[in-house]
Amino acid sequence: MDGLDLIKTFREVAFRRSFSRAAISLGMSKATVSRYVAELEERSGVRLLNRSTRSLSLTDAGQVLLDRSTELVAMAENTLNDLQAHGSHPQGRLRMSAPHGLIAGWLSDVIAEFIQLYPDVYVSLVFTNDELDLIEEGIDIHLTGGRIDDMNLIVRRLVPFDMVVCASPAYWARRGIPRVPEDLGRHDVLSYSAKPTTHLPFETGGKAVDVPVHSRMEANDAVALIELALRGAGVAYVPEPLAQSHLERGALVPVLREHMPSDHWLYAAYSQRRHNSAAMRTMLDFLEQSMARHGNPPAMPSLPPALQVLAPSSPSSSPSSVATAATCALSRAPGAARATASAGRTDKPPRR
């Protein structure tokens, strides 16, 4: 067996801290993975892993090999990628990462179509909301909606998307509907953040405004916040495409649409040292083209007038009747069932 394949197998076991998980990731049997690592230990003459029935850890020699093999493996893969790039047919393994929740919508359609068009490309998807070292994790393309400050990465803008402030009709009926961003200060906000949220960004009169809010809870997964908002736990400030299906059927009602910032983008990031793969270049182009095919659907309208006049302070309206009317008002709004993410938008945020 080639020594580089043995090292790559060992690195996968070291990252996964498990022979079983490494086998799944590599598409190999657990027995083969174990045999490869044992052969590498025999060739090197040292034990690389401490094994027990309940845990797996690196020896000092294993840590040295893991650290020093990073550049070696990257160089070898780049050389193979350069050779593959001379061919016109994409092939090989393509490893991608994306935030949780993205597979529930547009990305699933893109991946399904891609693997049908390019049967010789094996796509491996990793879903995480954590920051990743693309080289260390072996990621070819990383999709993210956040800022990317790593100067070693090349970044492509794929599509702009909107953020949305929304809650269930029952919550709005119980707590009242905010008319201006500052009204959110009296609401329970479910914020999407990796650190405590005290302010949320809005726009008023064309100017950016940070509005102080009371964060009821927060999570680094917008899907979790959406699920809580559906149950009336509070107000979610999340990417609109992730909540779109619930907005369409009126389970979540948007507010303050005219005050939402418009500088959010879905980005594709990749390392400068991995950009020669034919499969990767094909996927990047495919991602951009797939967004162009979506066209420019109309944005959901501002809060419907029928919903604006209803408030729990009205003595003749019970919370249940208000919630029902809110849902009906949203369902009657023209264009309410359309997503807003589109590559055809003409508003262009300033270059970073």
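Described in the following lines is the structure provided in the data block. Quantities reported herein were computed from a predicted structural model and do not represent experimental measurements.

### Observations regarding the sheet that holds strand β6 (residues 153–161)
Part 1: Pairing in this open sheet of 5 strands is mixed, and the strands run β4-β3-β5-β14-β6 from one edge to the other. Two strands bound the open sheet, and with one partner strand each, they are β4 (121–127) and β6. Taken pair by pair, the neighbouring strands of this sheet meet at an average axis angle of 20°, ignoring direction.
Part 2: Of the strand pairs in this sheet, β6 and strand β14 (residues 264–271) are connected by 8 bridges, and their pairing is antiparallel. By the bridge assignment, Leu 153 is partnered in β14 with Ser 271.
Part 3: Together, β3 (92–98), β4, β5 (141–144), β6 and β14 form the strand contacts of helix α5 (residues 106–117), whose direction differs from that of β4 by roughly 160°.

### Some points on the sheet that holds strand β8 (residues 188–192)
Part 1: Judged by pairing direction, the sheet is mixed, and its 5 strands sit side by side in the order β11-β8-β12-β7-β13 without closing on themselves. At either end of the open sheet lies a strand with only one pairing partner, and these are β11 (214–219) and β13 (253–255). Here the average twist between neighbouring strands, direction ignored, is 35°.
Part 2: Pairing of strand β7 (residues 163–167) with strand β12 (residues 235–239) involves 4 bridges; the strand directions are antiparallel. Considered in β12, the bridge of Val 165 is made with Tyr 237.
Part 3: Lying on the sheet, helix α9 (residues 240–248) is in contact with β7, β12 and β13; it crosses β12 at an angle near 125°.

### Concerning helix α1 (residues 3–16)
Part 1: With 14 residues, α1 extends 20 Å from end C-alpha to end C-alpha; this agrees with the ideal 20 Å at 1.5 Å per step.
Part 2: Three or more residues of α1 are buried, namely Leu 6, Ile 7, Thr 9, Phe 10, Arg 11, Glu 12, Val 13 and Ala 14.
Part 3: After α1 finishes, the residue Arg 17 shows a positive phi value of roughly 55°.

### A few points about unusual backbone geometry
Part 1: One non-glycine residue, Arg 17, lies in the positive phi region at around 55°.
Part 2: As for its position among the elements, Arg 17 is in the loop between α1 and α2 (19–26).
Part 3: You can call Arg 17 partly exposed: its relative accessible area is 42%.

### Overview of the packing of α1 against helix α3 (residues 30–44)
Part 1: Running from N to C, α1 and α3 cross one another at 115°; their axes reach a closest spacing of 9 Å. Handedness of the crossing formed by α1 with α3: left-handed. On α3, the residues that touch Gly 3, Leu 6, Ile 7, Thr 9, Phe 10 and Val 13 of α1 are Val 33, Tyr 36, Val 37, Glu 39, Leu 40 and Arg 43.
Part 2: In the contact of α1 with α3, the residues fall into 8 nonpolar, 2 polar and 2 charged.

Cut-offs applied
- Residues numbered from 1 in each chain as written.
- Predicted model: local features only at pLDDT ≥ 70, side-chain atom pairs only at ≥ 80, totals over all residues.
- Heavy atoms only, no water.
- Pairing = 2+ DSSP bridges.
- Helix = DSSP H or I, 4+ residues; strand = E, 2+ residues; numbered from the N terminus.
- Axes fitted to C-alpha atoms, helices over the stretch in contact; angles between N-to-C directions.
- Contact = heavy atoms within 4.5 Å.
- Expected span 1.5 Å × (residues − 1).
- Buried < 20%, exposed > 50% of the residue type's maximum accessible area, 1.4 Å probe, protein only.
- Left-handed = near helix turned anticlockwise from the far one by under 90°.
- Nonpolar A, V, L, I, M, F, W, Y, C, P; charged D, E, K, R; others polar.

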